[in-house]
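Commentary on secondary and tertiary structure
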Amino acid sequence: MKQPHKARRLALLLLSASLVTTPWVLAENTEDLSRAMRVAAAIDADDELIALIERGADVNAANAFGKTALMNAVENGNLLAASMLVSMGADVNAKMEDGCSALTFAAENGESELTALLIERGADPEARTRSGLTPMMLAARYGQAEMIEQLLFKGAKVDPADKDGLDALMLAAARGHAKVVSLLLEGGANPQAKDKHGRTALIHAASEDGNVDALATLLKAGALVDAKANDGSTALIWAAGNGNADSVGLLLEHGASVNHQDSDGLSPLMEAVAANATDTVRLLIRHGATISLKDIDGKTAIDMAKRKPDAQLILEGAR
């Protein structure tokens, strides 16, 4: 993203002042010239950028964290500066200490033109950050649909997962990015894949409120409605625990087991009662939720509703 006009002008003035008044810059110190070059790239000061490189700035010089001028240009959405740096030999695959590259910055910020530039110049679309995130996964997390389309067109893989087993589809589903979910599924993403906790993209979508469209997209693509995580939980249990009646209704329409219990014996109804989600409690009861089920401690939904009068009233009336 471009800097606000006033902020950019101030940065340019500071850069110009340093070039004029600082003795070590006048002495053509490569390290200091390179530092000024990184600032110029960040603020899209193209003339200054060229001048600094011609005076000896190292186009691939990085700061203490491994951040280069190209990364600064891409992070700030400066296409011209990035193009100039690449044409002058900037390494498109250089990485910071945390594993971030120019392409991961582009993916995170939804910079499609910069992404095209970097990939055309040889940027690795499968490069990972230290936490295992690829550009595809970053774009999915932030709902960058245009970026996803571009990466898919360039042949980027949809199935890599991070250190927690989260793939691009799960990251998009968890944040309700329905369009990205659809694009990834069209690109070959597996809706049955599981993370290290055994959770599918459907469970991730159900675990957050407001993800009905993402849930619907996954179900239409054949996601297993009763897929179980390692703890025995299902998408319906997660949706009920969040009190998301719309998601609960959608899952029930697709045949979700209303009385399934996880490894702690908790059912969707118990989770809805614990959340004091009265609309969800009513919905589950209408679909046949059994009130008398017990968890591993022998407690029923009615036991859990003792301090929740509204839920308790609904349960008592359903006996």
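Let me sum up the structure you'll find in this document. (Residues numbered from 1 in each chain as written. Predicted model: local features only at pLDDT ≥ 70, side-chain atom pairs only at ≥ 80, totals over all residues. Heavy atoms only, no water.)

A closer look at the side chain of Asp262
Here Asp262 shows up in the loop between α16 (245-253) and α17 (268-274). Buried charge Asp262 goes without a salt bridge, the closest partner of opposite sign being Arg199 at 9.8 Å. Among the polar contacts listed, one links the side chain of Asp262 to the backbone nitrogen of Asp264, at a separation of 2.8 Å. Aside from chain neighbours lying at most four places away, what touches Asp262 is Asp231, Gly232, Ser233 and Ile237. (Helix = DSSP H or I, 4+ residues; strand = E, 2+ residues; numbered from the N terminus. Buried < 20%, exposed > 50% of the residue type's maximum accessible area, 1.4 Å probe, protein only. Lys, Arg positive; Asp, Glu negative; His and termini not counted. Salt bridge = Lys/Arg side-chain N within 4 Å of Asp/Glu carboxyl O. Polar contact = N/O pair within 3.5 Å; in protein donor to acceptor, adjacent residues only side chain to side chain. Contact = heavy atoms within 4.5 Å.)

As for the packing of helix α4 (residues 46-54) against helix α6 (residues 79-87)
It is at 10 Å that the axes of α4 and α6 come closest, and there the two elements cross at 20°. It follows that α4 is roughly parallel to α6 by the angle criterion. Both α4 and α6 take part in a crossing whose hand is right-handed. Residue-level contacts link Asp46, Leu49, Ile50 and Ile53 of α4 to Leu80, Ala81, Met84 and Leu85 of α6. Of the residues in the contact of α4 with α6, the class split is seven nonpolar, no polar and one charged. (Axes fitted to C-alpha atoms, helices over the stretch in contact; angles between N-to-C directions. Parallel < 35°, antiparallel > 145°, perpendicular 65-115°, else oblique. Left-handed = near helix turned anticlockwise from the far one by under 90°. Nonpolar A, V, L, I, M, F, W, Y, C, P; charged D, E, K, R; others polar.)

Side note on the nonpolar core
Core analysis: the biggest nonpolar cluster contains 102 residues, and Leu85 and Leu184 have the highest contact counts within it. A per-element tally of this core places helix α11 (residues 168-174) first, with six residues. Those residues in contact with Leu85 that sit more than four places away from it in its chain are Met37, Ala41, Leu49, Ile53, Val59, Ala69, Leu70, Ala73 and Ala90. (Core = buried A, V, L, I, M, F, W, Y, C linked by side-chain atoms within 4.5 Å.)

What to know about a negative patch on the surface
On the surface, Glu113, Glu146, Glu149 and Glu186 cluster together into a negatively charged patch. When you line up the elements, Glu146 lands in helix α10 (residues 145-153). (Patch = residues over 30% accessible without salt bridge, like charges linked within 9 Å, V, L, I, M, F, W, Y side chains within 5 Å. Areas by Shrake-Rupley, 256 points an atom, 1.4 Å probe, with all protein chains shown as cover. Charge placed at Lys NZ, Arg CZ, Asp CG, Glu CD.)

Some words on helix α14 (residues 212-220)
Residues separated by three or four positions in an α-helix point in the same direction, a consequence of the helix having 3.6 residues per turn. Along α14, the residues that are buried comprise Ala214, Leu215, Leu218 and Leu219. The buried side chains of α14 occupy one side of the element, clustering within an arc of 135° when seen end-on. Turned more than 90 degrees away from the buried face of α14, the exposed residues are Asp213 and Lys220. Where α14 is buried, its residues meet α11, α12 (178-186), α13 (201-206) and α16. Just downstream of α14 lies Gly222, where phi reads positive at about 100°. (Arc of directions from axis to C-beta.)

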